[in-house]
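# Structural description and commentary
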Amino acid sequence: MKTFLRNLVLCALPVLFGWGAGYGFTFIQGSCGAMVGALFAGKCAGRQREYQARFQLAGAGAGIVIAATLVTWLEHRRRRAVQGTPAVQGTPSEGEPS
């Protein structure tokens, strides 16, 4: 169950980053009317949606990179824990051939 939840969270990262980027763009940008005025607001709406989609795509891309990095690191850490650290080879004991 722990592995399932970890993978679920890692798979959700790109979606969350994309949502956060889209929300951040909307929060910063506001409305087209405030940006260009009422006269050009109709033409601005399509451009604003295009920019928001680009922000969401960039956020999802960043989420993919972060999730891939985390998965690689966690898998490497897990594999190292399963294999264990190699034993330190010291001097041969008495009675052992050298």
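Right, let's walk through the structure included here. (Residues numbered from 1 in each chain as written. Predicted model: local features only at pLDDT ≥ 70, side-chain atom pairs only at ≥ 80, totals over all residues. Heavy atoms only, no water.)

### With respect to the side chain of Gln48
Note the following rule: To qualify as a helix, a DSSP run of H or I must reach at least 4 residues; to qualify as a strand, a run of E must reach at least 2; elements of each kind are numbered from the N terminus. Here a residue-residue contact requires only that any non-hydrogen atoms of the pair lie within 4.5 Å.
Relative to the helices and strands, Gln48 resides in helix H3 (residues 41-83). In this view, Gln48 contacts Phe25, Gln29, Gly30, Ser31 and Cys32; residues no more than four positions away in its chain are not counted.

### A closer look at the packing of aromatic side chains
Convention followed: Working definition: rings of Phe, Tyr and Trp (its six-membered ring) pair if their centres are within 6.5 Å, and the pair is stacked with planes under 30 degrees apart, edge-to-face with planes over 60 apart, and tilted otherwise. For each residue, the accessible area found with a 1.4 Å probe, counting protein chains only, is set against the maximum for its type, and the residue is called buried under 20%, exposed over 50%, and partly exposed in between.
Applying the stated criterion across every chain, the model contains three aromatic pairs. Residues Tyr23 and Phe27 carry aromatic rings whose centres are separated by 6.3 Å and whose planes lie at 15° to one another, so their mutual orientation is stacked. A residue pair is termed a helical-turn pair when its members lie 3 or 4 positions apart in one helix, as Tyr23 and Phe27 do in helix H1 (residues 2-29) at four residues. The same class applies to Tyr23 as to Phe27, namely exposed. With 4.8 Å between their ring centres and 40° between their planes, Phe25 and Phe55 make a pair best called tilted. In this pair, Phe25 sits in helix H1 while Phe55 sits in helix H3, placing the two residues 30 residues apart along the sequence. Looking at Phe55, the relative accessible area reads 43%, which means it is partly exposed. Through a chain of ring-to-ring contacts, the aromatic side chains of Trp19, Tyr23 and Phe27 assemble into a single cluster.

### Some thoughts on the pattern of salt bridges
In plain terms, the rule: Should a side-chain nitrogen of Lys or Arg be within 4 Å of a carboxyl oxygen of Asp or Glu, the pair is scored as a salt bridge.
Counting across every chain of the model gives three salt bridges. For Arg54, the salt bridge identified is with Glu50, shortest N-O distance 2.9 Å. Here Glu50 and Arg54 lie together in helix H3, a separation of four residues that amounts to about one turn. With a shortest N-O distance of 2.6 Å, Glu75 and Arg78 are connected by a salt bridge. Here the residue Glu75 and the residue Arg78 both occupy positions in helix H3, the gap between them amounting to three residues, near one helical turn. On the accessibility criterion, Arg78 (39% relative accessible area) is partly exposed.

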